[in-house]
Amino acid sequence: MITRLKRIFSVNQRSALQQTVRAAQTSLSAEQPVVAAASEDVAAINDVTLHDANLSGWFLENGELFTDFQIQPEDHVLDVGCGDGGLIGFCAGRGAEVTFVDIDEQKVKDTESRLQGSAARGIHGLVSDANPLPLPDNHVNKVICTEVLEHVDDPVNILAELVRVGKPGALYLLSVPDIASETVQQTVAPPLYFEKPHHIRILSREDFPRLVSDAGLIIEKQTCYGFFWSMFWAFFWTCDQDLSDPWHPLLQQWGRTWETLLSMRDGPRIKQALDQALPKSQVIIARKPERCPPEPPSES
């Protein structure tokens, strides 16, 4: 059972989202792979997660990876903890230079392989725990780090590294699980969920921005989303299955129910209210100052 749980946890919530919405990349970059639906049920799951992701602000047709996080061909984007590469794949499809980092060598190799032939100006994969990052100072102008800080021993050091490699004025897209959904998981998930190398800390909506601000970044936006995923994971543990099809009937029905809601007149408005009530993730967009604040004078 423990072995099976470790295999499940090797793909965390961020990776599950990336897998199921990878089809979104194809609408913006013909070079990206398409998710193959093995059945109508799998197709339905994929459709609803893509629809939900779009309504949450992800993978927008105007070139925003997330609302207010625009990707341009002239950007150099760094994704730390890239997982299966869904986010950096979007950036590659926009023509940006991309650098992606993960502690899992196979994930880095697989992402490099998938991005070959994409519109990216440059493709750089690095295997690293990001402490430190094998990159020079002031190197990139867009930084992504989603659903990572809850896994690491020292989030302060990781954020310091992210700030170090960002150019002055660099924009950061950061996310961690929300305390509301994590509180539910504490009740329904197996203990392994909150053991290393999985979620070893829970950051409140006050802790997360404080951590970001203390790293020297200026917060421009803080939001949350993911009621669908909060419920999905609450249901998931009783289904006794891996993160692959065929999906358990409970998860299939949940996908259909959510898609029905989203298709209704007030669906997006109801989703927004539920996302605020029980979000899966909290997101911060922050910026590195153009000039570092002066150091306080030393005491003589």
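Residues numbered from 1 in each chain as written. Predicted model: local features only at pLDDT ≥ 70, side-chain atom pairs only at ≥ 80, totals over all residues. Heavy atoms only, no water.

Some words on the overall build of the chain
Point 1. A tally of helices and strands in the chain yields 12 helices and nine strands.
Point 2. Burial statistics for the chain: of 300 residues in total, 53% are counted as buried.
Point 3. Pairs at least 24 apart in sequence give 75% of the contacts found in the chain among residues at least 6 apart.
Point 4. Surface exposure of the chain reaches about 13,400 Å², of which carbon and sulfur atoms provide 53%. (Helix = DSSP H or I, 4+ residues; strand = E, 2+ residues; numbered from the N terminus. Buried < 20%, exposed > 50% of the residue type's maximum accessible area, 1.4 Å probe, protein only. Contact = heavy atoms within 4.5 Å. Areas by Shrake-Rupley, 256 points an atom, 1.4 Å probe, with all protein chains shown as cover.)

Topic: helix α7 (residues 155-165)
Point 1. Pro155, Ile158, Leu159, Glu161, Leu162, Val163 and Val165 are the residues of α7 that are buried.
Point 2. Packing partners of the buried residues in α7 comprise β3 (76-80), β6 (140-146), β7 (166-177) and α9 (207-214).
Point 3. Its side-chain oxygen placed 3.2 Å from the backbone nitrogen of valine 156, aspartate 154 serves as the N-cap of α7. (Polar contact = N/O pair within 3.5 Å; in protein donor to acceptor, adjacent residues only side chain to side chain.)

As for the side chain of glutamate 150
Point 1. Within the element layout of this structure, glutamate 150 appears in the loop between β6 and α7.
Point 2. The residues contacting glutamate 150, other than those within four sequence positions of it, are Val176, Pro177, His198, His199, Ile200 and Arg201.

So, the environment of glutamine 72
Point 1. Mapped onto the elements of the fold, glutamine 72 is located in the loop between β2 (69-70) and β3.
Point 2. For the pair glutamine 72 and arginine 94, spaced 22 residues apart in sequence, the C-alpha to C-alpha distance is 6.3 Å.
Point 3. With residues up to four places along the chain from it excluded, the contact list for glutamine 72 reads Arg94 and Ala96.

A look at the packing of aromatic side chains
Point 1. Considering all chains together, one arrives at 22 aromatic pairs under this definition.
Point 2. Across from the ring centre of phenylalanine 69, 5.7 Å away, lies the NZ or CZ of lysine 142, which sits over that ring. (Phe/Tyr/Trp six-rings, centres within 6.5 Å; stacked < 30°, edge-to-face > 60°. Lys NZ or Arg CZ within 6 Å of the ring centre and 35° of its normal.)

Re the sheet that holds β3
By definition, the strands of a sheet pair up through backbone hydrogen bonds, in either a parallel or an antiparallel sense.
Point 1. An order of β5-β4-β3-β6-β7-β9-β8 is seen for the seven strands of this open sheet, with the pairing classed as mixed. In this open sheet, the two strands that pair with only one neighbour each are β5 (122-127) and β8 (218-225). On average, each strand axis in the sheet is inclined to that of its neighbour by 15°, with strand direction left out of account.
Point 2. As paired strands, β7 and strand β9 (residues 281-287) are joined by seven bridges and run antiparallel to one another. Opposite tyrosine 172, over in β9, you have alanine 286 as the bridge partner. (Pairing = 2+ DSSP bridges. Axes fitted to C-alpha atoms, helices over the stretch in contact; angles between N-to-C directions.)

Re the pattern of salt bridges
Point 1. In this structure the tally under the stated criterion is 15 salt bridges.
Point 2. Across the pair arginine 121 and glutamate 97 runs a salt bridge, and its minimum N-O distance is 3.8 Å. Within this pair, whereas arginine 121 is found in the loop between α6 (105-115) and β5, its partner glutamate 97 is found in strand β4 (residues 97-102), the two being separated by 24 residues in sequence.
Point 3. Using a relative accessible area of 48% as the deciding quantity, one classes arginine 121 as partly exposed.
Point 4. Taking the shortest distance from any N to any O, the salt bridge between aspartate 266 and arginine 269 comes out at 3.5 Å.
Point 5. Classification of aspartate 266 by relative accessible area gives partly exposed; the value is 23%. (Salt bridge = Lys/Arg side-chain N within 4 Å of Asp/Glu carboxyl O.)

Brief notes about unusual backbone geometry
Point 1. Here the residue pair asparagine 131 and proline 132 is connected by a cis peptide bond, since its omega of 10° sits within 30 degrees of zero.
Point 2. Its location among the elements puts proline 132 in the loop between β5 and β6.
Point 3. Following lysine 196, the chain continues into proline 197 via a peptide bond in cis, with omega recorded as 10°.
Point 4. Tracing the backbone through its elements, the reader meets proline 197 in the loop between α8 (179-188) and α9.
Point 5. Positioned with a positive phi, glutamate 147 is a non-glycine residue whose angle comes to about 55°.
Point 6. In this structure, glutamate 147 sits in the loop between β6 and α7.

Interpretation in functional terms is not warranted from these geometric data alone.
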